[in-house]
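Reading the structure
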Amino acid sequence: MASTVKAQGAPAAKGGNMVAIITMFFIFAMISFVTNMAAPFGNIWGFRYDWAGMAGNLMNFVAYLFMGIPAGNMLIKYGYKKTALIALAVGAIGLGIQLSSGYLGAGETALYVYLLGAFVCGLCVCMLNTVVNPMLNLLGGGGNKGNQLIQTGGALNSLSGTLTPLLVGVLVGTLTKETTMAAVAPLVITGIVIFVLAFIIISFIKIKEPQANLSKVKYEHSPLSFRHCRLGIIAIFFYVGIEVGIPGELNVWVSRMSFEGAAAVAGSLAAIYWLMMLVGRFLSSIISGKVSTRAQMVTVSSIAIILVLIAILLPESVTFRSPEIKALHITSGEVPMKCLFLFLTGLCTSVMWGGIFNLATEGLGKYTAKASGLFMTMVVGGGIMPFIQDWIGRNFGYVNSYWLVVGMLAYIFFYSFSGSKNVNRDIPVDEVPDARNL
């Protein structure tokens, strides 16, 4: 039996649904705030320990491997609100651990404390991601409308992601071996305060649970029984590697260039990438009600491949003086034109998370929550693939590391064009509560 959650005729959200949607949008922004700290914070440690540049990012995403399935089970057992509250508390603790590392000096002990904090924060964002994606998809009624809400929340996610590396770059300025986490303490403290406020606010908000009855549902199959879900899980693994790897390696590359304020410029360029994601998600939120998710995904994956290939093949001698160099009052310094094409890919990657999730969970019915847990597990790709890309960059050149990105984008194109088709419609999924009627 097909799921009752369908795209056709999904009415606009009203009343309590609107409160729930706004709450999920807020959580979506916090996910990016915490996640996007990892790469620029890693630059601080990477300047002293070569291997540590992407280590914090790796720890942040490895947490998904351990928390993905448990987070999905928490969603079923405790519901959206309790899962979100637990996640926010864990996030405040994780940021507190990272903050403490800044006052332990610049030695390895401080580094390992920071990595522990990054791992704990990863547990937090894994739980938050598990809450926000299926909730928005269900509140939108699935299909194109569900994707539209995910893309709208993603626009706020990108806004937060835009500000984070920019603020880190401004706080750090020029990296030296004496730079420690204490330099970014104001940003970390701000994050802790936001988590605490979010915990208080959400505690007083009533969120009706679309999946409240699923704790008693029997699962005859696994989400992996659906081909489009299996392939979608792989697509998510690669996608998060792409999303994190493009600006992360760009940040590492530019911050090591030999001009004053290189770290600030690197942070600004990474911020522009996230700004492009903001623009892309905003545009997608407008058109997703009319343009199919599959059509969007095929288009953006194709364009992204072209942009990254241009960035790889364009001579490094072709440079430009980017606007933020003037804005930061840096007297000398230019960056390769390659950077322009790399941060423009943010327009394309912006819609991929919501698009893949939407395509991979379409028609799953009662298996949606369990599928969400599996998706969160595979977000570990955001730690593993950028770590591999960074290794390639350090050994074979930062630009050459983007061939890995091209390969991952090629898989996203395959999934969008063919792999996302649901060929297992004969598997009964039963009915799930329709979030629009809550």
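Residues numbered from 1 in each chain as written. Predicted model: local features only at pLDDT ≥ 70, side-chain atom pairs only at ≥ 80, totals over all residues. Heavy atoms only, no water.

A few words on the nonpolar core. Within the largest apolar cluster, 131 residues are counted, with the highest numbers of intra-cluster contacts made by Leu136, Phe195, Val254, Val335, Ile356 and Phe375. With residues up to four places along the chain from it excluded, the contact list for Phe195 reads Met30, Val34, Leu88, Gly91, Ala92, Leu95, Cys124 and Leu128. (Core = buried A, V, L, I, M, F, W, Y, C linked by side-chain atoms within 4.5 Å. Buried < 20%, exposed > 50% of the residue type's maximum accessible area, 1.4 Å probe, protein only. Contact = heavy atoms within 4.5 Å.)

Take empty space enclosed by the protein next. Any empty space left between atoms is shown by rolling a water-sized probe over those atoms. In this structure the tally under the stated criterion is six cavities of 30 Å³ or more. Approximately 180 Å³ is the volume found for the largest cavity. What lines the largest cavity is a set of 15 residues, among which Ile31, Thr35, Asn129, Asn157 and Glu243 lie closest to the centre. Elements represented by at least two residues in the lining of the largest cavity include exactly helix H1 (16-35), helix H3 (55-101), helix H7 (227-255) and helix H8 (262-287). Looking at which element gives the most residues to the lining of the largest cavity, the answer is H1, with four residues. In terms of residue class, the lining of the largest cavity is built from eight nonpolar, five polar and two charged. (1 Å grid on protein atoms, 1.4 Å probe; cavity = no way out; pocket = protein on both sides within 12 Å on 5 of 7 lines; lining within 4 Å. Points joined across faces, edges and corners; volume = space filled by probe spheres on them. Helix = DSSP H or I, 4+ residues; strand = E, 2+ residues; numbered from the N terminus. Nonpolar A, V, L, I, M, F, W, Y, C, P; charged D, E, K, R; others polar.)

Here we take up the packing of aromatic side chains. Scanning the model with the defined rule gives ten aromatic pairs in all. A centroid spacing of 5.3 Å and a plane angle of 85° characterise the contact between Tyr273 and Trp274, whose relative ring orientation is edge-to-face. Each member of the pair, Tyr273 as well as Trp274, carries the same accessibility label: buried. Measuring from centroid to centroid gives 6.0 Å for Phe413 and Phe417, while their planes differ by 10°, and the two rings are stacked. Taken together, the residues span about one helical turn, with Phe413 and Phe417 both in helix H16 (residues 402-419) at a distance of four residues. When its relative accessible area of 30% is taken as the criterion, Phe413 is described as partly exposed. Feature note: the residues Phe237, Phe238, Tyr411 and Phe414 constitute an aromatic cluster, connected by ring pairs. (Phe/Tyr/Trp six-rings, centres within 6.5 Å; stacked < 30°, edge-to-face > 60°.)

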